[in-house]
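Structural features, examined
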Amino acid sequence: MRKRLVRIRLPWPDARTFASIRAATSAVSLPSCPTYQAPCPELAQESGDTLEVLQRKNLQLRADLRTLGWPKLIRFHGGGRTYELPLRTTTAICSASAEESTAAVLPYLAGFFDGDGCVAGRPGGCTLRVTQSYDKADILLLFRSTFGGSITRNSDGKGLRKPSLRWVVCGPSARSASQLLAPYSITKHRQLLLASEWPQEKSSRGSCMVELSLLKRVDSAIARRCSVGYVSGFFDAEGYIQHRGKATLRLQIGQKFGTVLHCVRRCLAHDLGLQAPVRSYSYPPRSISFLCVEGTSNSKAALRAMLGAGMRCKAAQAELALRLRPENAEQVGAALAELVGNQAYGKRQDQAARTRAFKIASMQAAAGQLNTWQLEKLQALRSEHALLKAQSENVLLQKYVHKIQALQGEIWADSSNRCNFDEFDAACQKLKFKGDVAGAWRALDEDLSGYITLQEIDPASSSALANFRRWCDEEFGSVRSAFSVFDNSGDNEVNYREWRRSLRFYGFEGDASTLFYALDVERSGTLTLQEVEFLDDWIFPGANTTQDVSSTTIFSQVLNVPPSPQQLTTQYMTEGPGPAACPAGYGVGSGPRAPMRPFPGAFSFRKRTGGTILLPATPRDAGEEPSPLDYDSRALDSLEGSTG
């Protein structure tokens, strides 16, 4: 009997039907994606831990934290809104009319740019850049609304280093922005003048790049009078509000060169009547200068003036400092510690620790007048103080690790190659899709798993990316390491010609063209590290993502099949030096020792190119598992004689 295949065309589900589908699929327990590794729970403090044990745990916690990555930042909050990354601007905003309307904010922006800005000159043109943490995007939006440009992701977070954003403006907009900032700038005045006159001809840009590099190495600041607005912007970028003692404040700015600090000192003295001495300290081969506003009343007066002049990044800290009183000193100090950076995270002392430290210092000052019992008490106080500090550091580090692992929401991406409906709906809105979003989701999610993958949308691209990821793991260790090898020029960009040549050179057997256009989603003609590094975290359907254990070992364990001789590790003991005695250089994925030296492909574990020095010959009677002593020493001597 011949069977007949009948195809039934189902209508698109309406909103009510889709709601029931979502309710049914949400009840299915999906495996989670363990993207980030948590530190070992054994590193948490216990009741019987001594000071040495706690210090050892804290060191291990910090080591684990340095390798703990943040989720990828795909959006950012600023000005009460949420913006997609990258936030690009096609036309320049600054003009002659904008110069008049933004005259009040230009001194602030010039001060901030003097602190955290950068003038970068390249053969392709001159750019202005400002980099800030992802939670300080308001100042970048102010630069963008004033001068144009774009806001992109600068770097991903790693441990105590938060993800950062970068405002960049180039071309005619960079020249216009330089012309507007230069009249108010002190530290980067000459650099901005050079950027405003950046030549159009590429042949004339070499001398300008050399001059710009020389200006950055010396104190190129000009001594000029500045306003409180400039001081507010410069303090926002480089300043520090320090809570000292019970209810004592101090403002401090540190700089490599002291010219700008003397300009700030004269502004504070002339406009606010505050005395702020500038002190220089020598740390050979360098020296550093500090401007300090001492005293609570003077510090509060300076903060009020800077808040009135438009302080933004440190506005919350300044408002807290203005509310500082002896009765709320502990609460204000704890709040200030939460708002500062992570440079000394876990090392800062709370109010109780400062009280103990002050008591110990007082007893140490009178150590010559203390008897034996008092000296023993002093030693006990020191031990107790050190133990309590180690316990507090352990709690703070554990709390920070939990904070990173718990990050989720609309501004973070999990990079798991699994798109749920919320992400799908947001993408449709970004693409301005006006059709039936729920019906499109139901058509793509054929297995009702609650998520869709690239395999369900574009099987060819998914297969190409999976093969490339597997090849990079085998040859280079990761996709990031492979990209660093392909990027010979070091400009964080690889065009199609470099991409195809690198894949052919290192023995990739897939289609380089299909792979390139699958990764170049912006169709810019070049690939950057940010466009390919996501593959290291992707989960491909049916692929083993564990890199520590090979697939053959897993199959051998599951099927209870003994491993082949090729999977066994050779074990031997010799009287001479083993493989560990040979220098391994910088490791896999690193660049050559000498800059611009031709590199014949030693990054690859498979590709063997000509011109490399091979190991000496092995005698025929060496056996199947030779040791380092089985190599022909005469061939080694002849090789050394020929190279020497």
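Every value quoted in this text rests on a predicted model; they were computed, and no experiment measured them. (Residues numbered from 1 in each chain as written. Predicted model: local features only at pLDDT ≥ 70, side-chain atom pairs only at ≥ 80, totals over all residues. Heavy atoms only, no water.)

**Remarks on the overall build of the chain**
The cut-off we apply is this: Strands here mean DSSP runs of E at least two residues long; helices mean DSSP runs of H or I at least four residues long; both are numbered from the N terminus. Only protein chains enter the accessibility calculation, which uses a 1.4 Å probe. A residue is then buried if its area is under 20% of the maximum for its type, exposed if over 50%, and partly exposed in between. Only heavy atoms matter for contacts: two residues are in contact if any of them lie within 4.5 Å across the pair. Surface accessibility in these figures is a Shrake-Rupley result with a 1.4 Å probe; residues are shielded only by whichever protein chains are displayed.
A tally of helices and strands in the chain yields 25 helices and 14 strands. Relative to its full complement of 644 residues, the chain shows a buried share of 39%. Partitioning the intrachain contacts of the chain with sequence separation of at least 6 by distance along the chain shows that 65% fall at a separation of at least 24. Summing over all exposed atoms, the chain offers an accessible surface of approximately 38,000 Å²; the carbon and sulfur share of this is 53%.

**Some points on the pairing of strand β3 (residues 81-84)**
So the rule is basically this: Strand pairing is assigned whenever DSSP detects at least two bridges linking the two strands.
Note that strand β2 (residues 75-78) and β3 share four bridges and pair antiparallel. Each bridged residue has a counterpart across the sheet, and for Phe76 the counterpart in β3 is Tyr83. Once β2 ends, the chain turns through two residues before running back antiparallel as β3, passing Gly79 with a positive phi of about 60°.

**Here we look at the pattern of salt bridges**
Quick note on the threshold: Salt bridge, as applied in this entry: a Lys or Arg side-chain nitrogen positioned within 4 Å of an Asp or Glu carboxyl oxygen.
In the structure shown here, the tally under the stated rule is nine salt bridges. One salt bridge in this structure joins Glu393 and Arg62, with 2.9 Å as the shortest N-O distance. With a gap of 331 residues between them, Glu393 in helix α15 (residues 372-405) and Arg62 in helix α2 (residues 51-66) connect regions that are remote in the sequence. Judged by its relative accessible area of 16%, Arg62 is buried. A single network of salt bridges, built from pairs that share partners, joins Arg62, Lys347 and Glu393.

**Points about the state of the cysteines**
Between two cysteines, a covalent bond joining their sulfur atoms is known as a disulfide. Condition: For this text, the term disulfide refers to a pair of cysteine sulfurs within 2.5 Å.
A full pass over the atoms with the stated rule returns zero disulfides. This cysteine, Cys170, is not joined by any disulfide, and Cys126 carries the nearest cysteine sulfur, 9.8 Å off. For Cys170, a relative accessible area of 48% translates into the label partly exposed. The thiol of Cys267 is not disulfide-bonded; the next cysteine sulfur, from Cys226, is found 4.3 Å away.

**Points about a positive patch on the surface**
Heads up, the rule is: Here, patches come from residues exposed beyond 30% relative accessible area and free of salt bridges, joined within 9 Å for like charges and within 5 Å for nonpolar side chains (Val, Leu, Ile, Met, Phe, Trp, Tyr). Residues scored as positive are Lys and Arg, those scored as negative are Asp and Glu, and His as well as the terminal groups of each chain are ignored. Charge positions come from single atoms, namely NZ of Lys, CZ of Arg, CG of Asp or CD of Glu.
Taken together, the side chains of Arg497, Arg500, Arg501 and Arg504 define a basic patch exposed on the protein surface. Note that Arg504 resides in helix α21 (residues 496-505). Assessed through its relative accessible area of 57%, Arg504 is described here as exposed.

**Brief notes about the UniProt feature "domain: EF-hand" (unreviewed entry) in the chain**
Inclusion rule: UniProt positions are given in the numbering used here, feature names are shortened, and annotations may be inferred rather than shown by experiment.
Under the feature "domain: EF-hand" (unreviewed entry), the UniProt entry names residues 474-509. With 56% helix and 8% strand, residues 474-509 has end C-alpha atoms that lie 13 Å from one another.

**Quick notes on the packing of aromatic side chains**
Each aromatic ring pair is summarised here by two numbers: the centre-to-centre distance and the angle between the ring planes. In plain terms, the rule: Ring geometry is summarised as follows: Phe, Tyr and Trp rings, the Trp one being its six-membered ring, pair when their centres sit within 6.5 Å, and such pairs are stacked at plane angles under 30 degrees, edge-to-face over 60 and tilted between the two. Two limits define a charge over a ring: the Lys NZ or Arg CZ must be within 6 Å of the ring centre, and within 35 degrees of the ring normal.
If you walk through the whole model with that rule in mind, you get 28 aromatic pairs. Aromatic side chains Phe143 and Trp167 sit 5.0 Å apart centroid to centroid with 35° between the ring planes, which places their arrangement in the tilted category. Highlighted residues: Phe143 in helix α5 (residues 137-147) and Trp167 in strand β7 (residues 164-170), separated in sequence by 24 residues. Judged on exposure class, the residue Phe143 and its partner Trp167 are both buried. Look at Phe486 and Tyr506: their rings are 6.2 Å apart centre to centre, the planes differ by 35°, and that puts the pair in the tilted class. Residue Phe486 is located in helix α20 (residues 479-486), and its partner Tyr506 is located in the loop between α21 and α22 (512-519); the two are separated by 20 residues in the primary sequence. With respect to class, Phe486 is no different from Tyr506; both count as buried. Site record: aromatic cluster; members linked through ring pairs are Phe468, Trp471, Phe476, Phe486, Tyr496, Trp499, Phe505, Tyr506, Phe508, Phe516 and Tyr517. For Arg312, the ring lying beneath its charged end belongs to Tyr108, and the centroid distance is 5.0 Å.

**Concerning α2**
Helical geometry: 3.6 residues make up each α-helical turn, so side chains three or four residues apart lie on a common side. To keep it simple, the criterion reads: Expected helix span is taken as 1.5 Å per residue step, with the number of steps being one fewer than the number of residues. What the arc covers is the set of directions going from the helix axis to the C-beta atoms.
Compared with the 22 Å implied by 1.5 Å per residue over 16 residues, the 23 Å span of α2 between its first and last C-alpha is a close match. Considered for burial, the residues of α2 that qualify are Leu54, Lys57, Asn58, Leu61, Arg62 and Leu65. Buried positions in α2, seen along its axis, are confined to an arc of 140° and lie on one side of it. Exposed and oriented more than 90 degrees from the buried face of α2 are Arg56, Leu59 and Arg66. Its buried side turned inward, α2 meets α15.

**Some points on helix α13 (residues 329-339)**
Along α13, the residues classified as buried are Ala329, Val332, Gly333 and Leu336. Relative to the axis of α13, the buried residues are bounded by an arc of 100° and lie together on one face. Along α13, exposed side chains directed more than 90 degrees from the buried face belong to Gln331 and Glu338.

**Considering the sheet that holds β7**
Our working rule: A fitted line through C-alpha atoms serves as each axis, taken over the contacting stretch for helices, and the angle formed by two N-to-C directions is quoted from 0 to 180°.
Pairing within the open sheet is antiparallel, and its four strands lie in the order β4-β5-β7-β6. Of all strands in the sheet, those bounded by a partner on one side alone are β4 (117-122) and β6 (150-155). Within this sheet the neighbouring strands show an average axis-to-axis angle of 35°, counted without direction. As defined by bridge partners, β4 adjoins strand β5 (residues 125-133) across six bridges and the pair is classed as antiparallel. Looking across to β5, one finds that Cys118 is bridged to Arg129.

**With respect to the packing of helix α16 (residues 421-430) against helix α17 (residues 437-444)**
Threshold: When an angle is under 35 degrees it counts as roughly parallel; over 145 it counts as roughly antiparallel; between 65 and 115 it counts as roughly perpendicular; any other value is oblique. Whether a crossing is left-handed or right-handed is set by the direction in which the near helix is turned from the far one by less than a right angle, anticlockwise for left-handed and clockwise for right-handed.
Packing of α16 against α17 brings their axes to within 11 Å, and their N-to-C directions diverge by 125°. Classified by the angle their axes make, α16 and α17 are oblique. Judged by the twist between their axes, the crossing of α16 over α17 is right-handed. In contact with Phe421, Phe424, Asp425 and Cys428 of α16, α17 contributes Val437, Ala438, Ala440, Trp441 and Leu444.

**Quick look at unusual backbone geometry**
Residue Pro86 is reached from Leu85 by a cis peptide bond, and omega for that bond is -5°. Residue position: Pro86 is located in the loop between β3 and α3 (96-101).

**Re the sheet that holds strand β10 (residues 278-283)**
Here four strands make up an open sheet; going across it, the order is β8-β9-β11-β10 and the pairing antiparallel. Looking along the sheet, the strands with just one partner apiece sit at the ends: β8 (239-244) and β10. Taken pair by pair, the neighbouring strands of this sheet meet at an average axis angle of 30°, ignoring direction. Strand direction decides the pairing type here: β8 and strand β9 (residues 248-255), joined by six bridges, are antiparallel. Within the sheet, the bridge partner assigned to Arg244 lies in β9 and is Thr248. Here helix α10 (residues 259-272) sits on the sheet in contact with β9, β10 and β11 (286-294), set at roughly 15° to β11. Against the sheet, helix α11 (residues 296-308) contacts β8, β9 and β11, and its axis sits at roughly 65° relative to β9.

**Some points on the environment of Val218**
Residue placement: Val218 occurs in the loop between α8 (205-217) and α9 (228-238). With 39 residues separating them in the primary sequence, Val218 and Phe257 have C-alpha atoms 8.3 Å apart.

**Quick look at the confidence of the model for the chain**
The criterion, for reference: The pLDDT value tells you how sure the predictor is about a given residue, anywhere from 0 up to 100.
Here the chain averages 76 in pLDDT, and 74% of its residues register 70 or above. The weakest mean pLDDT in the chain belongs to helix α1 (residues 15-26) at 36; the strongest belongs to helix α4 (residues 106-116) at 95. Long-range and interchain partners of residues 1-39, a stretch whose pLDDT sits below 50, account for 37 contacts in this model, where long-range means more than four residues apart. Counted against residues more than four places away or in other chains, residues 631-644, with its pLDDT under 50, gives 13 contacts.

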